[in-house]
Amino acid sequence: MSWFSSFLSKLGLGGNDAERVVQRLENIRAAMLDTLGEDGAQKYPAVVRRVFHSKDAQALWYARGELMAALADLHGERVAHEMMAEVSTLFDGLLPKSLTSRPKRLKG
């Protein structure tokens with residue numbers, strides 16, 4: 001059992017729940033790194049390190065800003081937004097509502 005699984009167990013998310021959360025975090029981490037790709041990983045090793053070493057959903061969520069900047073440089077802003085929208089959906093149910101993206105853009 002990983003330290004994170006152990007931590008979740010202490011919070012009352014025992015066994016299968018803790019394992020599911022850990023697996024979801026690993027899936028998010030993999031998706032984030034996949035969007036960067038091999039060329040992006042070579043060009044932005046700091047982003048790779050940040051994603052790889054993020055210990056929880058909130059840390060991964062905050063790493064999206066750096067990932068978005070790297071993706072925008074690699075693919076352009078429009079494509080980067082599309083890629084990040086797909087990654088962001090993977091966080092559903094893992095974060096407090098105050099951290100998740102708004103469903104619509106703000107008017108103004």
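The structure reproduced in this document is the subject of the present report.

Quick word on the packing of aromatic side chains
Argument step 1. This structure, assessed with the given rule, holds one aromatic pair.
Argument step 2. Both rings, one in Trp61 and one in Phe91, keep their centres 5.0 Å apart while their planes meet at 80°; by these two values the pair is edge-to-face. Of this pair, Trp61 sits in helix α4 (residues 57-75) while Phe91 sits in the segment after α5 (77-89), placing them 30 residues apart in sequence.
Argument step 3. The ring of Trp61 is capped by Arg64, whose NZ or CZ atom sits 3.5 Å from the centre of that ring.

What to know about the nonpolar core
Argument step 1. Counting residues in each nonpolar core, the largest one holds 22 residues, and the members touching the most others are Met32, Leu60, Leu67, Leu71 and Phe91.
Argument step 2. Elements supplying a minimum of two residues to this core: α2 (15-43), α3 (45-53), α4 and α5.
Argument step 3. Sort the elements by how many residues they give to this core and α4 lands first, with eight residues.
Argument step 4. Ignoring any residue separated from it by four or fewer positions in sequence, one finds Phe91 in contact with Arg24, Ile28, Met32, Ala57, Leu60, Trp61 and Arg64.

Here's the deal with the pattern of salt bridges
Argument step 1. Scanning all chains against the criterion turns up four salt bridges.
Argument step 2. For Asp73, the salt bridge is made with Lys43, and the minimal N-O distance between the two is 2.9 Å. Pair noted here: Asp73 is in helix α4 and Lys43 is in helix α2, with a separation of 30 residues, a long-range link.
Argument step 3. The partner of Glu66 in a salt bridge is Arg50, and the shortest N-O contact between them spans 2.2 Å. With Glu66 in helix α4 and Arg50 in helix α3, this residue pair connects regions lying 16 residues apart in the sequence.
Argument step 4. Note on Arg50: relative accessible area 32%, which makes it partly exposed.

Scoring rules and cut-offs
Residues numbered from 1 in each chain as written. Predicted model: local features only at pLDDT ≥ 70, side-chain atom pairs only at ≥ 80, totals over all residues. Heavy atoms only, no water. Phe/Tyr/Trp six-rings, centres within 6.5 Å; stacked < 30°, edge-to-face > 60°. Helix = DSSP H or I, 4+ residues; strand = E, 2+ residues; numbered from the N terminus. Lys NZ or Arg CZ within 6 Å of the ring centre and 35° of its normal. Core = buried A, V, L, I, M, F, W, Y, C linked by side-chain atoms within 4.5 Å. Buried < 20%, exposed > 50% of the residue type's maximum accessible area, 1.4 Å probe, protein only. Contact = heavy atoms within 4.5 Å. Salt bridge = Lys/Arg side-chain N within 4 Å of Asp/Glu carboxyl O.

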